[in-house]
Amino acid sequence: MSTKITVSLICATCGQSDFDHNEDKSWVRCINCDREYPGGIDELAELNQANIQDAVNEYGDSLVNDFAKKIESKFKKNKYIKFKRR
Ligand SMILES: [Zn+2]
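Conventions used here
- Residues numbered from 1 in each chain as written.
- Predicted model: local features only at pLDDT ≥ 70, side-chain atom pairs only at ≥ 80, totals over all residues.
- Helix = DSSP H or I, 4+ residues; strand = E, 2+ residues; numbered from the N terminus.
- Buried ≥ 20, exposed ≤ 12 C-beta atoms within 10 Å, placed from the backbone.
- Contact = placed C-beta atoms within 7 Å.
- Pairing = 2+ DSSP bridges.

**Details of the overall build of the protein chain**
Each helix and strand in the protein chain was counted, giving 2 helices and 3 strands. Along the protein chain, from the amino end to the carboxyl end, the secondary structure elements read β-β-β-α-α. When each of the 86 residues of the protein chain is scored for burial, the buried share is 5%. Partitioning the intrachain contacts of the protein chain with sequence separation of at least 6 by distance along the chain shows that 23% fall at a separation of at least 24.

Right under this line is the structure:
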């Protein structure tokens, strides 16, 4: 299983994900609507924080679930240990 989380950054103005940028991504421009991000990739990432958080949450949930299943099967016969899952 890969541990890499991929989040595509989208333009805060038009929602497209095609960007023009300089070499170190300290300046980014949306190809679709021409919006410039003078703060570069950092500024874009900040505006996309909700998307990034969603991706991390999703990934986190699947990990928690796998873990819970393993533990559950291990303690299946133990009536004193009960597991609750969302
Ligand atoms: Zn745009």
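Still more to cover.
**Re the sheet that holds strand β2 (residues 28-30)**
With respect to topology, 3 strands assemble into an open sheet ordered β1-β2-β3, the strand pairing being antiparallel. On the outer flanks of this sheet lie β1 (19-21) and β3 (36-37), each paired with one strand and no other. Pairing between β1 and β2: 3 bridges, direction antiparallel. Looking across to β2, one finds that Asp20 is bridged to Arg29.

**Observations regarding unusual backbone geometry**
Backbone geometry follows two general trends: most residues other than glycine have a negative phi, and most peptide bonds adopt the trans configuration. Phi angles above zero are rare outside glycine, and Lys25 is one such case at about 60°. Note on placement: Lys25 falls in the loop between β1 and β2. With 14 C-beta atoms packed within 10 Å, Lys25 lands in the partly exposed category. Of note in this structure, Asp34 is not a glycine but carries a positive phi near 70°.

**What about the environment of Leu9?**
Its place among the elements puts Leu9 in the segment before β1. As for Leu9 and Phe19, which are separated by 10 residues in sequence, their C-alpha atoms are 9.4 Å apart. Leave out the neighbours within four places in its chain, and Leu9 touches Ser17, Leu44, Ala45 and Asn48.

**Let's talk about the environment of Tyr37**
Relative to the helices and strands, Tyr37 resides in strand β3. For Tyr37, a count of 24 C-beta atoms within 10 Å translates into the label buried. Along the chain, Tyr37 and Lys25 lie 12 residues apart, while their C-alpha atoms are 9.9 Å from each other. Other than its neighbours up to four places away in sequence, Tyr37 contacts Val28, Glu43 and Leu44.

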